[in-house]
Structures are given as C-alpha cells and as structure tokens.
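Read off the chains here:
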Amino acid sequence: GVSMGGLLAAAHCRLHPRDVLSLSLICPVVRGTTGTRSRSLLSIPILGELALAATGTRRLRTRLTSIAPATEPERSSFIHAAHEQLDFGYARALLAAGRSDLFADQSRIYASLSDTGAAISIIRGDRDTEVTAADMAILKHCLPAATFAEIPNASHAVLIEDPAIITAHIIDNIRKGHFGCQT
C-alpha cells in the first residue's frame, strides 16, 4: 500500500490476518491531517460534496503537485497520474475517508499488525514531507519486528523516483512472508 493506500492495506491486514502473509507499506499515512474543521465540513452529506467540488479537488491537485518529485520525467509522470486519479474517483474516496475519520491518528491500526504474523516492510523516502521521520518513529514503536528502509534522495513519490529499489524491497518482503527467508 502506498500513502493512504498503506493505511488501507494495514486496515485490511488487521481485519483479515489469515489472508496476508506479507505487507509492504510505502510512505504510509500515520497521523493523518490536523484540519478538524475541514474534516467536520466534509462529514456533512451534500455540503461535503459541494465543498469538495468547489475547492477540494483544486486543493488536492495543488497539494499533489507540491509533493511531486523534483526531476523529470518522474515529476510529469507523478502529476499526470495524481490528476488522473482525482478524475477517476480518488477525490470521492478521500471524501468517504474523511467521513469515516480515516484522517485521524491511525497508529493503533499499525500497532495491531504485530499480532497478524505477516512479514511487514515499511519504506519511505528520506525527503518525504508527508510521512516524516517522526511518523517512522511511531511505526517503529508500533511494529518493532518490521523491516524499515529509508530511500536516499527520495520524496513521498519514492515509488516513481526509484521503482527498482522499491520492487527489490517488496520482493524481499514477499519472500520473507511466504518462505520465511531473506535474499
């Protein structure tokens, strides 16, 4: 799972531990947002949709553009993919997530993963401003048996910036989960 998808993958693993042998979390959201007024507004039916339509999608596009990789072609690729996701329902998914308080502190979800038996790998870029070193410290406290990797010179878009190293980490974690070994 990547970013908010990491949190969703962790929640799935917590609910269905028998279905998950390994879990790779790339820049997973830990503490959510601090904008409680925004969350409150989004939770009101119809008003939430109107607010998201009026300003939310534009703000999301601006925010996603601001965390894009600095170098080309990764930057253009990230921005295009992020904007395309917004067009295909990502904004509505964020609205639904806001209504279920998904943007609050979710460290308890990660802490509950220790009991699942899944091999867990957590990856972040060392220049990630969304998932900070403090977030990683929370995850290390919650998941002391997990494998942690910090990718040098990478941001929140580490998956696009260095796909080969991310793929290697994921494959290694799958091997640990399925075969109990590490390459």
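Here the structure is shown first, and the text comes after it.
Definitions and limits used
Think of each chain on its own: its residues are numbered from 1, step by step along the sequence as written. Residue-level local features of this predicted model are given only where pLDDT is at least 70; pairs of side-chain atoms are given and counted only at 80 or more, and the full residue set underlies all totals for whole chains, interfaces and linings. Values reported for side chains reflect all heavy atoms of the structure, with hydrogen atoms and water molecules removed beforehand. In DSSP terms, a helix is any run of H or I states spanning at least four residues, a strand is any run of E spanning at least two, and both are numbered starting from the N terminus. Burial classes: relative accessible area under 20% of the type maximum marks a residue as buried, over 50% as exposed, and values in between as partly exposed (1.4 Å probe, protein chains only). The criterion used for residue contact is that any of the two residues' heavy atoms lie within 4.5 Å. Two rings from Phe, Tyr or Trp (for Trp, the six-membered ring) form a pair when their centres are within 6.5 Å of each other. A pair whose planes differ by under 30 degrees is stacked, one over 60 is edge-to-face, and the rest are tilted. We count a charge as sitting over a ring when the NZ of a lysine or the CZ of an arginine lies within 6 Å of the ring centre and within 35 degrees of the ring normal. When DSSP finds two or more bridges between two strands, those strands count as paired. As a rule, the C-alpha atoms of each element are fitted with a line to give its axis, helices using only the stretch in contact, and angles between N-to-C directions run from 0 to 180 degrees. For salt bridges, the criterion is a side-chain nitrogen of Lys or Arg within 4 Å of an Asp or Glu carboxyl oxygen. Place the viewer so that the strands point away; then a crossover is right-handed whenever the path from the first strand over the helix to the second strand goes clockwise. By this rule, a helix spans an expected 1.5 Å times one less than how many residues it contains.

Asker: For this particular structure, what's the right way to read the overall build of the protein chain?
Answerer: Along the backbone of the protein chain there are eight helices and three strands. Shown N-terminal to C-terminal, the secondary structure of the protein chain runs as helices and strands in the order α-β-α-α-α-α-β-α-β-α-α. When burial is assessed residue by residue, the protein chain has 40% of its 183 residues classed as buried. Contacts in the protein chain between residues far apart in sequence, at least 24 positions, make up 74% of those at least 6 positions apart.

Asker: Could you clarify how one ought to interpret the packing of aromatic side chains in this entry?
Answerer: The way to describe two aromatic rings as a pair is by their centre distance and the angle between their planes. Scanning the model with the defined rule gives zero aromatic pairs in all. The ring of F148 carries the charged tip of K140 above its face, separated from the ring centre by 5.5 Å.

Asker: Please clarify how unusual backbone geometry should be interpreted in this entry.
Answerer: Both trends apply: most residues other than glycine have a negative phi, and most peptide bonds are in trans. Its identity is not glycine, yet C27 carries a phi of approximately 50°, on the positive side. Turning to its location among the elements, C27 is positioned in the loop between β1 (22-26) and α2 (36-42). The phi angle at N153 is positive, at roughly 55°, despite the residue not being glycine.

Asker: It is not clear to me how the sheet that holds strand β2 (residues 119-125) should be interpreted in this structure. Could you clarify?
Answerer: In a beta sheet, neighbouring strands pair by backbone hydrogen bonds and run either parallel or antiparallel. Reading across from one edge, β1-β2-β3 is the order of the three strands in this open sheet, with parallel pairing throughout. Of all the strands in the sheet, the pair left with one neighbour each is β1 and β3 (147-151). Geometrically, the sheet is characterised by an average inter-axis angle of 15° between neighbouring strands, direction not taken into account. Docked against the sheet, helix α8 (residues 163-179) engages β1, β2 and β3, running at close to 155° with respect to β1.

Asker: Which parts of the structure should I look at to understand the pattern of salt bridges?
Answerer: Oppositely charged side chains are able to pair whenever their charged atoms sit close together. The final tally for this structure, using the stated rule, is two salt bridges. E150 is the partner of R124 in a salt bridge, and the nearest nitrogen-oxygen pair spans 2.5 Å. Placement of the pair is R124 in strand β2 and E150 in strand β3, with a sequence separation of 26 residues. Assessed through its relative accessible area of 4%, R124 is described here as buried. What makes E150 partly exposed here is its relative accessible area of 46%.

Asker: When you look at the pairing of β1 in this model, what are you seeing that I'm missing?
Answerer: Looking along a regular strand, one sees the side chains alternate between the two faces of the sheet. Counting buried residues in β1 gives five out of five residues, a clear majority hidden from the surface. By the alternation rule, side chains of β1 split into S22, S24 and I26 and L23 and L25, which are all buried. Two strands pair when backbone bridges link them, and β1 and β2 are joined in this way by five bridges, in the parallel orientation. What sits directly across from S22, in β2, is A119.

Asker: I keep staring at the pairing of β2 and nothing clicks. Help me out?
Answerer: Within β2, seven of the seven residues are buried, which leaves the element mostly enclosed by the surrounding structure. Burial of the side chains of β2 extends over both faces: A119, S121, I123 and G125 are buried on one face and I120, I122 and R124 on the other. You can see the chain leave β2, run along helix α6 (residues 133-142) and come back into β3, and the turn it takes is right-handed.

Asker: How should I be thinking about helix α1 (residues 4-15) in this particular structure?
Answerer: Residues spaced three or four apart along an α-helix point in a common direction, a consequence of the helix completing one turn every 3.6 residues. For α1, built from 12 residues, the straight-helix expectation of 16 Å at 1.5 Å per residue is met to within 8% by its first-to-last C-alpha distance of 17 Å. Among all positions of α1, only M4, G6, L7, A10, A11 and C13 are buried.

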